[in-house]
Amino acid sequence: MWRIILTSLLMLAAIIWSESYVKHLMKHSVSKSDPRSELTKVQIKVFGDNGLEWTVEGHTLNLEGRVINILDARMYTQKEEITAEKVTLDRETGQGKAEGRLVVKVEDFVIEGSEAVFDLRKGTVQTEKKVLITEKDRRVEGEGCYVQLRPLRVIIKKPKVFGQ
């Protein structure tokens, strides 16, 4: 008699446990229709006009449809480099936004700011925010800038020149 009761209790406990386990899995699993994916320490290639081939790296990459969100991002070619804390990139158009500790390096120029929009296919970077541009011993502050990467052309809004 005790054996039947004990077996029944164990079976009831197993049913309760398995039901709660299934609910836990359903709550924490990603459905197949969920368009988001997250990868860490990734590297992808983006191809632009005029032979630009960008390597895009980041600590964390989150994909939502055609939009890629990258944390601790670095985008570079043989001559150019863009780094930022966060980058949002449309993988179909090559356009995006870089935010937080933005640094653009091209030849002898280093452009620092807080955010910018860019187009990897066209090879352009643009910001309306305050920027600091350093070239050798010369520093220029501006209220925004437009950068064409190839051939290099930099247009600075309201420039203030320091140094030589």
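Please read these numbers as outputs of a predicted model, since none were measured by experiment. (Residues numbered from 1 in each chain as written. Predicted model: local features only at pLDDT ≥ 70, side-chain atom pairs only at ≥ 80, totals over all residues. Heavy atoms only, no water.)

Let's talk about the packing of aromatic side chains
Scanning the model with the defined rule gives zero aromatic pairs in all. Positioned above the aromatic ring of tyrosine 76, the side-chain terminus of arginine 74 is 3.8 Å from the ring centre. Cation over ring: arginine 139 sits above phenylalanine 162, and NZ or CZ is 5.8 Å from the ring centre. (Phe/Tyr/Trp six-rings, centres within 6.5 Å; stacked < 30°, edge-to-face > 60°. Lys NZ or Arg CZ within 6 Å of the ring centre and 35° of its normal.)

Topic: the nonpolar core
The biggest cluster of nonpolar side chains holds 29 residues, and the ones touching the most others in it are Trp54, Met75, Val87, Phe118 and Leu120. Listing elements by their share of this core, those giving two or more residues are strand S2 (53-64), strand S3 (67-76), strand S4 (80-90), strand S5 (95-106), strand S6 (109-119), strand S8 (131-135) and strand S10 (145-148). Once residues within four sequence positions are removed from consideration, methionine 75 is found in contact with Trp54, Thr55, Val56, Glu80, Glu81, Ile82, Val87, Phe118 and Leu120. (Core = buried A, V, L, I, M, F, W, Y, C linked by side-chain atoms within 4.5 Å. Buried < 20%, exposed > 50% of the residue type's maximum accessible area, 1.4 Å probe, protein only. Helix = DSSP H or I, 4+ residues; strand = E, 2+ residues; numbered from the N terminus. Contact = heavy atoms within 4.5 Å.)

Structural notes on empty space enclosed by the protein
Over the atoms rolls a probe the size of a water molecule, and its path tells where empty space is left. What the rule picks out here adds up to one cavity of 30 Å³ or more. For the largest cavity, the full set of lining residues is Leu102, Val104, Ile111, Ala116, Val125, Thr127, Val131, Cys145 and Val147. Within the residue set of the lining of the largest cavity, elements represented by two or more residues are S5, S6, strand S7 (124-127) and S10. The residue inventory of the lining of the largest cavity, partitioned by class, reads eight nonpolar, one polar and no charged. (1 Å grid on protein atoms, 1.4 Å probe; cavity = no way out; pocket = protein on both sides within 12 Å on 5 of 7 lines; lining within 4 Å. Points joined across faces, edges and corners; volume = space filled by probe spheres on them. Nonpolar A, V, L, I, M, F, W, Y, C, P; charged D, E, K, R; others polar.)

Observations concerning the pairing of S7
Sheet topology places S6 next to S7; three bridges connect them, and they run antiparallel. Paired with phenylalanine 118 across the bridge in S7 is valine 125. Linking S6 to S7, which pair antiparallel, is a turn of four residues; within it glycine 123 sits at a positive phi near 75 degrees. The pairing of S7 with S10 spans four bridges and is antiparallel. Bridge assignment links threonine 124 to a residue of S10, and that residue is glutamine 148. (Pairing = 2+ DSSP bridges.)

Comments concerning the pattern of salt bridges
For side chains of opposite charge, pairing can occur when their charged atoms come near one another. Within the structure shown, the criterion is met by 11 salt bridges. The salt bridge involving arginine 74 is made with glutamate 81; its shortest N-O contact spans 2.4 Å. Given the relative accessible area of 31%, arginine 74 is considered partly exposed. Of the residues examined, glutamate 81 reaches a relative accessible area of 16% and is grouped as buried. Across the pair arginine 101 and glutamate 85 runs a salt bridge whose closest N-O atoms are separated by 2.6 Å. Taken together, the residues span a long stretch of sequence, with arginine 101 in strand S5 and glutamate 85 in strand S4 at a distance of 16 residues. Accessibility expressed as a relative area gives 63% for arginine 101, which makes it exposed. Each of Glu57, Arg74, Glu81 and Lys105 takes part in salt bridges that share partners, so that together they form one network. (Salt bridge = Lys/Arg side-chain N within 4 Å of Asp/Glu carboxyl O.)

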